[in-house]
Amino acid sequence: MKTVDMDSTIHGEPASVDPRLKVLVVSLYHPELIRGGAQQVAYELYQGLAATEGIDATLLASADQRWPSLFKSGARITGFDQRPGEYLFLSREYDHWWHRSGNVELVERFCQFLAETRPDVVHFHHFLTLGIDLLSATRRVLPDAKIVFTFHEFLSICNANGQMVRTFDRSLCTTASAVRCHQCFPNHSPETFFMRENWLKVHFGAVDRFTVPSAFMIDFYARWGIPREKLEHVTNGQRLPTPEPETEPVATAPRKRFGFFGQLVDNKGVQVIFEAVTRLRMAGFTDFVVEINGDNLVYATPEFRKRFEDFMAEEEARPMEERNVFLNGPYSHDELPRRMKRVDWCIVPSVWWEIFGLVISEAWAFGKPVIASDVGGMAERIGHDRDGLLFAVGDGRALTETMQRAVTEEGLWSKLRAGIRAPATREDMTAAMLRVYRGVGAAESAAQHSTATLGG
Amino acid sequence: MSADDEALLVLEEVAQARSRDQRLRMSIDLVCAAGRNLAISGWIDDRDSTVAGVTVEARGAMAALGEADLRRTARADVDADVNAAPGSRLGFIAFTGNLAFAMPPNEVVRVVIALGDGRSASAVARVRSASPAEVRLEALAGLFGCSPTEARRRVGSIDAVAAARDFDALETLTGPQAPASPDFADDGLVVMDWQAPRATAVPLNVDAVVVSPEGGIFVVGWIDDRETKLVGIRLVAPAWQVSFGAPRLARVRRRDVEQALGIATASRFGFWGLHFNSKHLAVSAQAGCTIEFVFADGSLQSLKLPHLRQVEQSELRNIVLGQLVGDEHVGSVQVEASNLLDSGIGDGIVALNHAVVKRAISGPHVIRFGKRTDFRMSVVVCLYGRAEFLMLQAAAYSATDSAGIEFVYVSNSPELAETLIKEARIATLLYDVSITLVILSGNAGFGAANNVAVDYCRSRVVCIMNPDVFPRSGDWAARLIEGAASATGGAFFGTPLHYDDGSLMHGGMYLESDTGISFSGDVISERRLLRVEHYDKGTPPEAASRIVSKSVPAVTGALMVLRRPWYERLAGFSPDFVFGHYEDADLCLRSFAEGEPVFLRNIAFWHLEGRGSTRLPVHEGGSLVNRWLFTRKWLEYVDEHGLLGLAPPNPAFMAARAAAA
């Protein structure tokens, strides 16, 4: 018999007297490496904090094996591309069921990193690729630090990629339970979901404050068991490109060009647009154009992919004068102004809750009214007939009618454009988060972004 | 074969004693008693000293056996284990016919071996009750290094054996000691007189002979012996031979054979047998063996099997259990299985399992995480097949008031060792926890693994817990500790367990018996088997919350709390049970028999029953054995003491009766 005594406790030193507020932003991925909404918002916040006087900001963003050269031998946390204050968390042995890393040295290094940097606030943007249990580690190493967590979707509640869309019929889900989740994932028992929920909640117990980018999420998370008083709505803010000048007079140009911007995956709902296009043609209404901007079709289900490819093949087989739908492919952030300039309306036909919809902010930044599904973050942000149009989620017939109205109703586009408010900026979001960090309710300032409107 | 021989062939509950003193390696293999007759066999590594005497401590009585009562024996199996020179004579056999007191049946005793240099080692063992002649034959068997059957054959008259009261008398009976018999030769399942080869062949085949070099042989095949009955099978290999009498062979249904022979009625054409005697078996798989079938008409038919399948004894156990659970019977599966287990196969499986367990628990690797050394309670969790429960429990219990609690995880899955070490390290980074990992080299089963883990507990209160049990309240630890300190049911209690939906999974256990029928030729017979059931399983959450604390016949091993001295007094879980099932009820009934009925204390936990480990078909075979064993051990006692039914008539369970009413 061999007996080994082991003790691995790491504790942070008592915080020194430093008038500067030290904030560590922990992010799912570095947006420079892997694009995505959560990391983009986290990085905007980090930059906003770094630019704020009196704030000492640090970023710890994860990277995975998509960039293997960044995994320096024996390293678990490294600097990033000679950028001061930015560090990479080299994610290893990540368990996508329990959402934690099984790599002892990685967890150990994270604890040491906390003990070395001793932030006053640790703000987690997601736990994916990082590990939900790092919340408990943070509390153990920094018992006095304020821990803030931002939910970017419903992954805590829903194993179906956090979308709360039922896997067997793609209907929207409003409540998770052990049995309902088992219905979506029959290979996992109800008890497994019971354990999953409790496991996650144990670690969320270390968090002082939760923020959500859309207010409707508060009900979801409160129902799930997060104390309502710990949940706050802080809208996402970002710096957006400057619009290019319009080539046609705003008041007189025909408004028959629709654009879709986003990933070509099931839940983004581009199939609803296809149905609407088909119906419009059947009704003899063909004087419109839809431009599809985006990619990642590879991540869609095979069924969706086939439907998409079949539709586009049929479309491309038509004579040019009969074509209504054009696939522009992927675009970079820098290309956005040019792509946006080509359309009058943005359609956001998502068939899931669409937590925030950064594309709505982008459309607004370019003065494009949005036509969107009437659920979740879309319904919360868009005022029907005020700054955009809503239609019944997933309903191709309703979108058909909405598109026809958009093209034919005189003055509608100009009216809605005039109703658009400027989306929240990076500075708006930073200020709201600082209020959360300092224990002041963020609701008043954070949820209400600038009231300035774009000119028509 | 005489009744005495039959009895001797049954390897009854041989307690696998565990040395409490790690400095002296020893083992008690057998304690066998009848009134004032006592035989103890085992071994001790006393190469740097010598055994001075053996003391046996029973309830309120103690007896010392001196040098005259002791003989040392060669133990080749032990020599290899402890790196001793061959022939080191580390084995011992102690015998007396003049014990200072009459040994009660099924007594649990402590055996203390004193060395000449003042050191001592002790182990707790359960006494196997026997007849006086059997006690003497065991002593002789220890001396000869053979089976009791062979010992009897050597000494002749059983009456003369019965009159001998000490070793001197025994040795005058036997004359000069005969050389030890070769491995397995005539190891006495049945002695058959071989006759002439058959003129016409009986349809038969042997599917496999599986051999474990540690001393096990399994044979399986089929035979159409309707015309002339099979009376036995003899396996003859170059280095060993073993016989199976027909009563020691399982006869089971084989639909494939029925179909091949065109037989429309259900028939027991299948046969299989297990022989295990823990002696090393010189195996040459390539040499194969000859299988001789002997029939009632005196004829003989042989078959040459060119190849033997050689496996480790744990795999042999699993093969046998897989065979047992896969058997098709004509009558009730459990009853027919119990009948065939009665034939000696059951005892063979138990003995084989003992050997597997003994190996698995020898030299556990123990790693402690955390600096604290004093604890108020030790939670012992046995892991099998799934490592993630360590991390899940560490998280769940760390979110409660668990200061002063240590968790001792014992792993029956060697392949999980590395993962568990990592999990424990991560847990200590995340939480303020104390974890001890006890890693076994094989699957010792639930009971034996827990027994080993308790050895490493550092508190006076032991909580046996399944990995899929989670706290429902933050003060669970304080309430369990308070319960253990209570004068009522504090020595041994369980708690209600709830499914994840809040309904009740366990509110104590009661005993029921089922009567099934079996067919043997034209004879239909009944057999009763004990079964354990959980009180109020499925009771809605509202009603479940109103459970009252009370004495119950048994509680589940998923969560049971014992004061450690009481656990040790009971010698922990019985090692007889295979894998798991029924060892918890067995422990509870032993506690009852010792005067301490178990208690149900209303402190609720979640129990995600069946999720905490992997369950394989072979475990179902273990459950068949365990139910058979549990019934054999307790049916009569349960009837006599009014322990049967939802509302057992025994006065100890008045409150349980009222609740059931």
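Just so we're clear, the structure is a prediction, and the values are computed from it rather than from any experiment.

**Describing the overall build of chain A**
A count of helical and extended segments in chain A gives 15 helices and 17 strands. Long-range pairs, those at least 24 residues apart, make up 71% of the contacts in chain A between residues at least 6 apart in sequence. Split by element, the accessible area of chain A, about 18700 Å² in all, is 50% carbon and sulfur.

**So, the overall build of chain B**
Regarding its fold elements, chain B presents 18 helices and 33 strands. Counting only contacts in chain B whose residues sit at least 6 apart along the sequence, the fraction spanning at least 24 positions is 76%. Of the roughly 24400 Å² of accessible surface on chain B, 51% is carried by carbon and sulfur atoms.

**Points about the side chain of Arg 323 of chain A**
Residue and element names in this part refer to chain A. Note on placement: Arg 323 falls in the loop between helix H8 (302-317) and strand S14 (325-329). It is Glu 316 that comes nearest to the buried, bridge-free Arg 323 among opposite-charge side chains, at 4.4 Å. Within polar-contact distance, the side chain of Arg 323 engages the backbone oxygen of Val 325 at 3.3 Å. Beyond its immediate chain neighbours, meaning those up to four positions away, Arg 323 contacts Arg 281, Glu 315, Glu 316 and Arg 318.

**Things to note about the pairing of strand S15 (residues 345-348) of chain A**
Residue and element names in this part refer to chain A. Neither face of S15 is open: one carries Trp 345 and Ile 347, the other Cys 346 and Val 348, and all of them are buried. Note: strand S12 (residues 257-261) against S15, two bridges, orientation parallel. Residue pairing in the sheet places Gly 259 in a bridge with Cys 346 of S15. Relative to strand S16 (residues 370-373), S15 is paired through three bridges, and the arrangement is parallel. Residue pairing in the sheet places Ile 347 in a bridge with Ile 371 of S16. Remark: the S15/helix H10 (residues 358-365)/S16 crossover connection has right-handed handedness.

**Side note on the pattern of salt bridges**
One pass over the full model with this rule turns up 57 salt bridges over all chains. Salt bridges here are not isolated pairs; linked through shared partners, they connect Arg 281, Glu 315, Arg 318 and Glu 322 of chain A.

**A word on the side chain of Arg 527 of chain B**
Residues and elements named next belong to chain B. Examined against the element boundaries, Arg 527 turns out to sit in strand S29 (residues 523-534). One polar contact links Arg 527 to Asn 339, side chain to side chain, over a distance of 2.6 Å. Ignoring anything within four residues of it in the chain, the contact list for Arg 527 reads Val 335, Ser 338, Asn 339, Asp 342, Asp 514, Thr 515, Gly 516 and Trp 628.

**Some thoughts on the interface of chain A and chain B**
Residue-level contacts link 33 residues of chain A with 31 residues of chain B. Together chain A and chain B conceal approximately 3000 Å² of surface at their shared face, both sides included; 64% is due to carbon and sulfur atoms. Taken together, chain A and chain B are joined by four salt bridges. Where chain A touches chain B, the interface holds five residue pairs in polar contact (both at pLDDT 80 or more). Of all the elements in the fold, those that place two or more residues in the side of chain A that touches chain B are strand S1 (3-6), strand S7 (100-101), helix H2 (104-117), helix H3 (134-141) and helix H5 (190-204) of chain A. With seven residues, the single largest contributor to the side of chain A that touches chain B is H5 of chain A. The residue makeup of the side of chain A that touches chain B, split by class, is 15 nonpolar, eight polar and 10 charged.

**Some points on helix H12 (residues 446-455) of chain B**
Of all 10 residues that make up H12 of chain B, nine are buried, and the element is covered over most of its length. All of the buried residues in H12 of chain B are Phe 446, Gly 447, Ala 448, Ala 449, Asn 450, Asn 451, Val 452, Ala 453 and Val 454 of chain B.

**Things to note about the nonpolar core**
Formed by 148 residues in total, the largest nonpolar core has its most connected members in Phe 151, Phe 154 and Phe 204 of chain A together with Met 377, Trp 476 and Phe 605 of chain B. Excluding its chain neighbours within four sequence positions, the residues that come into contact with Phe 204 of chain A are Phe 127, Ile 132, Leu 135, Phe 149, Phe 151, Ser 156, Phe 210, Trp 224 and Ile 226 of chain A. One finds Ile 345, Ile 464, Phe 592 and Tyr 637 of chain B within the second-largest nonpolar core, a separate group that totals 88 residues.

**Describing the environment of Val 325 of chain B**
Residue and element names in this part refer to chain B. Along the polypeptide, Val 325 turns up in helix H8 (residues 313-326). For Val 325 and Pro 617, which are 292 residues apart along the polypeptide, the C-alpha to C-alpha distance reads 7.5 Å. Aside from chain neighbours lying at most four places away, what touches Val 325 is Pro 617, Glu 620, Gly 621 and Leu 624.

**A closer look at the sheet that holds strand S3 (residues 55-63) of chain A**
Backbone-to-backbone hydrogen bonds pair the strands of a sheet. The strands run either parallel or antiparallel. Residue and element names in this part refer to chain A. Pairing is mixed in the open sheet, where eight strands are placed in the order S4-S5-S3-S2-S8-S9-S10-S11. In this open sheet, the two strands that pair with only one neighbour each are strand S4 (77-80) and strand S11 (231-233). On average, each strand axis in the sheet is inclined to that of its neighbour by 25°, with strand direction left out of account. One ladder, built from five bridges, connects strand S8 (residues 121-125) with strand S9 (residues 146-150); its direction is parallel. Within the sheet, the bridge partner assigned to His 123 lies in S9 and is Val 148.

**Quick look at the confidence of the model for chain B**
Here chain B averages 85 in pLDDT, while 90% of its residues score no lower than 70. Between residues 176-194 of chain B, whose pLDDT stays under 50, and residues either more than four places distant or in other chains, the model counts 54 contacts.

**Some details on the confidence of the model for chain A**
Residue and element names in this part refer to chain A. The share of residues in chain A with pLDDT of 70 or more is 90%, and the mean pLDDT across the chain is 90. Ignoring residues within four places in sequence, the model shows residues 1-8, a span with pLDDT below 50, making 24 contacts including any to other chains. Residue range residues 13-17 is modelled with pLDDT below 50. Its contacts to residues more than four positions away, or to other chains, number four contacts.

**Concerning the environment of Trp 566 of chain B**
All names here are of chain B. Here Trp 566 is to be found in helix H15 (residues 564-569). Taking the C-alpha atoms as reference points, Trp 566 and Ser 591, separated by 25 residues in sequence, lie 8.6 Å from one another. Residues within four places of Trp 566 in sequence aside, it is in contact with Ala 491, Phe 492, Ser 591, Glu 594 and Glu 596. A polar contact is formed between the side chain of Trp 566 and the side chain of Ser 591, at a distance of 3.0 Å.

**What to know about the packing of H8 of chain B against helix H9 (residues 333-361) of chain B**
Residues and elements named next belong to chain B. Following both chains from N to C, one finds H8 and H9 inclined at 155°, their axes separated by 9 Å at the closest point. By the angle class used here, H8 and H9 are roughly antiparallel. Of the two elements, H8 crosses H9, and the hand of that crossing is left-handed. Across from Gln 313, Ser 314, Leu 316, Arg 317, Val 320, Leu 321 and Leu 324 in H8, the residues of H9 making contact are Ala 337, Leu 340, Leu 341, Ile 349, Leu 352, Asn 353, Ala 355, Val 356 and Arg 359.

**Structural notes on the packing of aromatic side chains**
All told, the structure shown has 44 aromatic pairs over all chains when counted by the stated rule. Judged by centre distance (4.8 Å) and plane angle (45°), the ring pair of Tyr 510 of chain B and Tyr 535 of chain B falls under tilted. With Tyr 510 of chain B in strand S28 (residues 509-520) and Tyr 535 of chain B in the loop between S29 and helix H14 (541-544), this pair connects stretches of sequence that are 25 residues apart. With a relative accessible area of 13%, Tyr 510 of chain B lands in the buried category. For Tyr 535 of chain B, a relative accessible area of 3% puts it in the buried group. Of the aromatic side chains, those joined through ring pairs into one cluster are Phe 127, Phe 149, Phe 151, Phe 154, Phe 204, Phe 210, Phe 216, Phe 220, Tyr 221, Trp 224 and Trp 353 of chain A. Across the ring face of Trp 224 of chain A, the terminal group of Lys 201 of chain A is positioned such that the distance to the ring centre comes to 4.9 Å.

What counts, and at which threshold
Sequence order as written defines the numbering, with residues in each chain counted from 1. Chain labels run from A onward and ligand labels from 1 onward, assigned in the order the entries are written. Owing to the predicted nature of the model, reporting of local features is limited to residues with pLDDT of at least 70; listing and counting of side-chain atom pairs is limited to 80 or more, with chain, interface and lining totals taken over all residues. As a rule here, side-chain values cover all heavy atoms of the structure and leave hydrogens and water aside. Strands are runs of DSSP state E lasting at least 2 residues, helices are runs of H or I lasting at least 4, and numbering of each runs from the N terminus. Working rule for contacts: check all heavy atoms of both residues, and any pair within 4.5 Å makes them a contact. Here the Shrake-Rupley method, with its probe set to 1.4 Å, supplies the accessible areas, and only the displayed protein chains count as covering residues. Burial classes follow relative accessibility: with a 1.4 Å probe on protein chains only, a residue under 20% of its type's maximum area counts as buried, one over 50% as exposed, and anything between as partly exposed. Working convention for charge: Lys and Arg count positive, Asp and Glu count negative, and His plus the chain ends are omitted. Salt-bridge detection follows one rule: a side-chain nitrogen of Lys or Arg within 4 Å of a carboxyl oxygen of Asp or Glu. Residues adjacent in sequence count toward polar contacts only when both atoms are side-chain atoms; beyond that, a polar contact is any pair of N or O atoms within 3.5 Å, and within protein one must be able to donate a hydrogen and the other to accept it. The criterion for strand pairing is that DSSP finds at least two bridges linking the strands in question. Orienting the strands away from the viewer, one traces the path from the first strand over the helix to the second; a clockwise path indicates a right-handed crossover. Accessible surface is computed with a 1.4 Å probe, and the buried area is the amount of it that two parts give up when combined, taken over both parts together. In the scheme used here, Gly and all other residues not listed as nonpolar or charged are polar, with Ala, Val, Leu, Ile, Met, Phe, Trp, Tyr, Cys and Pro taken as nonpolar and Asp, Glu, Lys and Arg as charged. To qualify as a nonpolar core, a set must consist of buried Ala, Val, Leu, Ile, Met, Phe, Trp, Tyr and Cys residues joined through side-chain atoms within 4.5 Å. Throughout, an axis means a line fitted to C-alpha atoms (over the contacting stretch in the case of helices), and angles, computed between N-to-C directions, take values from 0 to 180 degrees. Along the chain, pLDDT gives the predictor's confidence residue by residue, from 0 to 100. For classification purposes, an angle smaller than 35 degrees is called roughly parallel, one larger than 145 roughly antiparallel, one from 65 to 115 roughly perpendicular, and anything else oblique. Should the near helix be turned anticlockwise from the far one by less than a right angle, the crossing is termed left-handed; should it be turned clockwise, right-handed. Ring pairs shown here join Phe, Tyr and Trp side chains whose ring centres sit within 6.5 Å, with only the six-membered ring taken for Trp; geometry is labelled stacked below 30 degrees between planes, edge-to-face above 60, and tilted in between. Note on geometry: a ring has a charge over it if NZ (lysine) or CZ (arginine) is within 6 Å of the ring centre and within 35 degrees of the ring normal.

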